[in-house]
Amino acid sequence: MNPVTQLFHIQYPIIQAGMIWASGWRLASAVSNAGGLGLIGAGSMYPDVLQEHIVKCKQATSKPFGVNIPLLYPGVDRLIDIIIREEVPVVFTSAGNPKTWTPALKAAGIKVVHVVSSASFAKKSEAAGVDAVVAEGFEAGGHNGREETTTLVLIPAVCEQVNIPVIAAGGIASGKSMAAAFALGATGVQIGSRFVATPEASSHPLFKQAILDAGEGDTALTMKKLTPVRLLKNHFYEAVKAAEDNGADKETLATLLGRARAKTGMFEGHLAEGELEIGQVSALINAIQPAAEIVAEIWAEFEFTRKMLSALKF
């Protein structure tokens, strides 16, 4: 039995990433109902909003679902309290030290997964007691690792260092890329960008269209002096790049970023001035599809690819 499906009690080892301004209860429940694991992205939610999404997700699905929490966000303790009180079965943590909250979550019977961008941090996460890690490569959208290690290199490096399940992320949007991740040692995949291009995602329609219009080279990693983030190139990105090229310090970049820049772009649809977080794989996304259709398509292609490869003779 697959370690990831066994850990989460799901049908397919496909996890929908918890993304700000995209993955609320509608998307999470749709993925879970389709046999994957849907995650509510708590990074953009106040405590009362998170509780509302958890309650609605419970009403929309009887299947397991989870919540993703960036640990460096303010008020994370209140979010953790809600998750424990509402008996959410799975939590994915990121952007912080897994030692801080893993013991409390595990004591409440919650499965804990931490997102990492290096093999050394994967080892530290395993030592902190997490049940699995997401190894997220440089191709991924949103906040990213400073190491800039690609998925193709990161997955086998992490698999060599830990004894817990490794879930691959970054540049994965198809059954073929899922099969490649499994060939490298992963036993599950986390997919973000593909699930933004769904009717169930709460992102603005103009942002979804921008994903479909994106081509090769239309994203870039920036804000490295703050927290590295991969964005679609737009007017805001060009302003950041110009500032970085001129030697801007952290304070200058933080001022340029301002407040609610991601909400402005991804949720409100102001494409020129917003922070448009999406992965390199956006260049391969060409249609808005229901989340259940995406899960079924990825799994069917994964199974076909696996059988095709096993039949090859060398």
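Residues numbered from 1 in each chain as written. Predicted model: local features only at pLDDT ≥ 70, side-chain atom pairs only at ≥ 80, totals over all residues. Heavy atoms only, no water.

Draft legend 1. Expanded view of the packing of helix H6 (residues 119-127) against helix H7 (residues 151-161). Two numbers describe how H6 lies on H7: the axes approach to 9 Å, and their chain directions differ by 40°. Where H6 crosses over H7, the two elements pack in a sense that is right-handed. Facing Ala 119, Ala 122, Lys 123 and Glu 126 of H6, the residues of H7 in contact are Leu 154, Ala 157, Val 158 and Gln 161. Broken down by class, the residue content of the contact of H6 with H7 amounts to 5 nonpolar, 1 polar and 2 charged. (Axes fitted to C-alpha atoms, helices over the stretch in contact; angles between N-to-C directions. Helix = DSSP H or I, 4+ residues; strand = E, 2+ residues; numbered from the N terminus. Left-handed = near helix turned anticlockwise from the far one by under 90°. Contact = heavy atoms within 4.5 Å. Nonpolar A, V, L, I, M, F, W, Y, C, P; charged D, E, K, R; others polar.)

Draft legend 2. Inspection of the packing of helix H3 (residues 47-60) against helix H4 (residues 76-85) at higher detail. One can describe the packing of H3 onto H4 by two numbers: an axis separation of 9 Å at closest approach and a directional angle of 25°. Between H3 and H4, the angle is such that the two are roughly parallel. Handedness of the crossing formed by H3 with H4: right-handed. Contact with H3, carried on its side by Pro 47, Leu 50, Gln 51 and Ile 54, involves Arg 78, Leu 79, Ile 82, Ile 83 and Arg 85 of H4 and no other residues of that element. Split into classes, the residues belonging to the contact of H3 with H4 amount to 6 nonpolar, 1 polar and 2 charged. (Parallel < 35°, antiparallel > 145°, perpendicular 65-115°, else oblique.)

Draft legend 3. Fine view of H4. Looking at H4, one finds that the buried residues are Val 76, Leu 79, Ile 80, Ile 82 and Ile 83. One side of H4 holds all its buried residues, which, seen down the axis, span an arc of 160°. In this structure, H4 carries Arg 78 and Arg 85 as exposed residues pointing more than 90 degrees from its buried face. Looking at the packing, one finds that the buried side of H4 touches H3, strand E3 (65-70), strand E4 (90-94) and helix H5 (102-107). (Buried < 20%, exposed > 50% of the residue type's maximum accessible area, 1.4 Å probe, protein only. Arc of directions from axis to C-beta.)

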